[in-house]
Amino acid sequence: MDPSATREQWGSSTSFILATIGSAAGLGNIWRFSYVAGENGGAAFLLAYVLCVLLLGVPLVLAEFSVGRCARGDVVAAYAGGTSKSSWAAAGWLAVVAAFVLLSYYAVVAGWAYKYFVSYLFGTMSHLGRGDYGTYFGDFIARSFDAVLWQFLVVASTVGVVVAGVKRGIEAMNKVLMPMLAAILLLLAGYSLSLKGGAAGLAFLFDPDWSALMRPSVYLAALGQAFFSLGIGAGALLTYGSYASLKTRLGPTVLVVAGGDTLFAIVAGIVIFPAVFAFGLDPAQGPTLAFVTLPEVFRLMPGGSLFAIAFFLLLSLAALTSAVSLLEVPAAVLIRRLNWSRNKSTIIIGAAVFAAGIPSALGFGVLSGVRPFDLGILEAIDHFASKLLLPAGGFLVAIFVGWVWTKEQAFDAAAVRTAWVGRTWRFLLRYVAPWLILLTLAGLILP
Ligand code: TRP
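Residues numbered from 1 in each chain as written. Predicted model: local features only at pLDDT ≥ 70, side-chain atom pairs only at ≥ 80, totals over all residues. Heavy atoms only, no water.

Next up on the list: the nonpolar core. Core analysis: the biggest nonpolar cluster contains 165 residues, and Phe291, Phe311 and Val401 have the highest contact counts within it. The element contributing the most residues to this core is helix 5 (residues 89–121), with 21 residues. Here Phe311 is in contact with Ile30, Leu188, Val271, Ile272, Leu294 and Phe298, once residues within four sequence places are set aside. (Core = buried A, V, L, I, M, F, W, Y, C linked by side-chain atoms within 4.5 Å. Buried < 20%, exposed > 50% of the residue type's maximum accessible area, 1.4 Å probe, protein only. Helix = DSSP H or I, 4+ residues; strand = E, 2+ residues; numbered from the N terminus. Contact = heavy atoms within 4.5 Å.)

And the structure:
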């Protein structure tokens, strides 16, 4: 029997949009966006970021959706079947590896968010005073059992959703969680804006220091962030697109998703920076911004512990909806190739992801002496995945849709209706995206 005949589909275009925004909006928008923007000059970075989303993000997301929906199959089948040259299956496997590796350490960071949520909820952090949070965080991530336990809980909850299926698991979860996340985010932003002294935070986020725009490193950071935040290059968008109905209009969907993801990051910035500035803290703290700097802010804020509970709930759930999209990539491949049940595929791949993530979880404690390329384990794997695997995945999608597919195939798959839109899309895929990606890859090698 043709397996595509029984393949699951989203219940509606709205469900597809919600699931994709769920995939896009995650740790990347809150934890990663805030510290990368903090390190790269705030508003100048935001400007470069929006440019990257428009020039690269939007065309690549549309390309992934098109390949997925056209094939109605998982990422390996989609690449292998979309052309006569089945060596393209390798591009599918690369995406599977990217999703797997990414999820392995994503679950570790998401675990920190789970842990902070539970700690704030039960008040176990209330004894901490000024300057204690750095030590608290450092001690927590260094304790092997704790780090692995919370990582395990993230993987287990992700498996729990994916096991339930595309409609009953992924779609149902996003339908409940995404509106809830939007509500929490807006409430937090409103409160943060009302803080005295927060205006400096808004200026940091929206009033660019133009000289920062002359630094190439700002664009490199913006490009990497756009890939990570939109979720390009690991087959997650492709796989979600493969469950989309032929009636769904992909072009407008991409605009809503890219706009929604960007807005999510900006509003998260409105939550974080006014609060950081109102209490005189430094926004350029790096990856510990959300776990060390923000708790300092929460301690000083009136109602800060409630704010903290809501913030870490937001971070945990946003991470879960993203992790689910990453797990679905390899799960869908196993289900088809090995003809395993969804249960079996998901649990086995989940166990493998958990095992693969353990070194990342232990890298701050017992394995802190292991420093590949002079970086911590999690950081090194993050560099490898987000600076190498994801851009490589994005490059291959651009080549596949821009050069391997004919113009007719591409326009058909994306259901392009307006000639100039299609031409612009194809031009960006053929001539702009590959070069920009190669340039960023070159930036890795150059000092
Ligand atoms: N976009 C998510 C975030 O911002 C993470 C994510 C989900 C992702 N799917 C992806 C990143 C695919 C890269 C590729 O947190």
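With that settled, the discussion passes to the packing of aromatic side chains. Tallied over the entire structure, the rule returns 35 aromatic pairs. Residues Trp112 and Phe137 carry aromatic rings whose centres are separated by 5.2 Å and whose planes lie at 85 degrees to one another, so their mutual orientation is edge-to-face. Of this pair, Trp112 sits in helix 5 while Phe137 sits in helix 6 (residues 133–142), placing them 25 residues apart in sequence. Since its relative accessible area comes to 5%, Trp112 is described here as buried. Accessibility expressed as a relative area gives 5% for Phe137, which makes it buried. Between the aromatic rings of Phe298 and Phe307, the centroid separation amounts to 5.3 Å while the plane-to-plane angle is 45 degrees, which identifies the pairing as tilted. In this structure, Phe298 and Phe307 share a single accessibility class: buried. In this structure an aromatic cluster arises from ring pairing among Trp112, Tyr116, Tyr120, Tyr136, Phe137, Tyr191, Phe291, Phe298, Phe307, Phe311, Phe312 and Phe364. When the ring centre of Phe228 is taken as origin, the NZ or CZ atom of Arg32, which lies over that ring, is 4.9 Å away. Here the guanidinium or amino end of Lys115 rests over the ring plane of Phe140, the centre of that ring lying 4.8 Å away. (Phe/Tyr/Trp six-rings, centres within 6.5 Å; stacked < 30°, edge-to-face > 60°. Lys NZ or Arg CZ within 6 Å of the ring centre and 35° of its normal.)

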